[in-house]
Amino acid sequence: MAKLNHLFGRRKQRVRTAIRKKSSGRVRLSIFRSGKHIYAQLIDDNKGVTIAQASTVDKDLKAKVKSGANTEAAKQVGVLIAERAKSAKVTQVVFDRGGYLYHGRVKALADGAREGGLSF
């Protein structure tokens, strides 16, 4: 198990390094995926602050979704984070998938954010 966590950490660091090189001052859309929920944050790395966040445990979204661990819920989180980004006047972001593969819930969240108006 320790080896898997180490490999995940290396993958995550590799993605973050590539993002830093390409971001050119844009806000980072970072995600965290657990077994039961999915979380998204908009982070301004220059200032070191979180601009907005959305997850399947939010009161607004918890009533709408049946489970927090499926692609429909992830898509709803993507749409919600895009709405909150618009209210914070953010339209251009760089997508930080962490160490996760761009597949399933991660891809659904990204598609929902694009449908909501974010561009990356």
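Residues numbered from 1 in each chain as written. Predicted model: local features only at pLDDT ≥ 70, side-chain atom pairs only at ≥ 80, totals over all residues. Heavy atoms only, no water.

Brief notes about the side chain of S30
Within the fold, S30 resides in strand 1 (residues 27-33). Dropping the residues within four chain positions of it, S30 is found in contact with R16, Y39, A40, Q41, I43 and D96. (Helix = DSSP H or I, 4+ residues; strand = E, 2+ residues; numbered from the N terminus. Contact = heavy atoms within 4.5 Å.)

Quick notes on the nonpolar core
Among the nonpolar cores identified, the biggest contains 27 residues, and L29, L42, I81 and L109 are the most heavily contacted of them. Counting residues per element, this core draws most heavily on helix 3 (residues 71-87), which supplies 7 residues. With residues near it in sequence (within four places) discarded, L29 still touches A40, Q41, L42, I81, V93, V94, F95, D96, A113, L118 and F120. (Core = buried A, V, L, I, M, F, W, Y, C linked by side-chain atoms within 4.5 Å. Buried < 20%, exposed > 50% of the residue type's maximum accessible area, 1.4 Å probe, protein only.)

Section: the environment of K89
Positionally, K89 belongs in the loop between helix 3 and strand 4 (93-96). Residues K89 and A73 lie 16 residues apart in sequence; the distance between their C-alpha atoms is 24 Å.

So, unusual backbone geometry
Positive phi values are uncommon outside glycine, yet S24 reaches one of about 50 degrees. Although it is not a glycine, K89 sits at a positive phi angle of roughly 65 degrees. Taking the relative accessible area as the measure of exposure, K89 reaches 75% and is therefore exposed.

Quick word on the environment of V57
Note on placement: V57 falls in the loop between strand 3 (49-55) and helix 2 (59-62). Separated by 20 residues in sequence, V57 and V77 place their C-alpha atoms 9.8 Å apart. Sequence-distant contacts of V57, defined by excluding residues within four places in its chain, comprise H37, Y39 and K62.

Some remarks on the sheet that holds strand 1
Reading across from one edge, 3-2-1-4 is the order of the 4 strands in this open sheet, with mixed pairing throughout. With one partner strand each, in any of the chains shown, strand 3 and strand 4 form the two edges of the open sheet. This sheet shows a mean twist of 20 degrees between the axes of neighbouring strands, independent of strand direction. Pairing analysis gives 4 bridges linking strand 1 to strand 4, with the strands arranged parallel. (Pairing = 2+ DSSP bridges. Axes fitted to C-alpha atoms, helices over the stretch in contact; angles between N-to-C directions.)

Points about the packing of aromatic side chains
Going through the model one piece at a time under the given rule, you end up with 4 aromatic pairs. Summarising the aromatic geometry, the rings of F8 and Y100 are spaced 5.1 Å apart at their centres and angled 55 degrees between planes, so their arrangement reads as tilted. One end of the pair, F8, is in helix 1 (residues 2-22); the other, Y100, is in the loop between strand 4 and helix 4 (105-116), with 92 residues separating them in the sequence. Pairing F95 with F120 gives two aromatic rings, centres 5.2 Å apart and planes at 10 degrees, and the pair type is stacked. Taken together, the residues span a long stretch of sequence, with F95 in strand 4 and F120 in the segment after helix 4 at a distance of 25 residues. Overall, the relative accessible area of 14% leaves F95 in the buried class. Owing to a relative accessible area of 28%, F120 belongs among the partly exposed residues under this scheme. Members of the aromatic cluster, each reached through a chain of ring pairs, are F95, Y102 and F120. (Phe/Tyr/Trp six-rings, centres within 6.5 Å; stacked < 30°, edge-to-face > 60°.)

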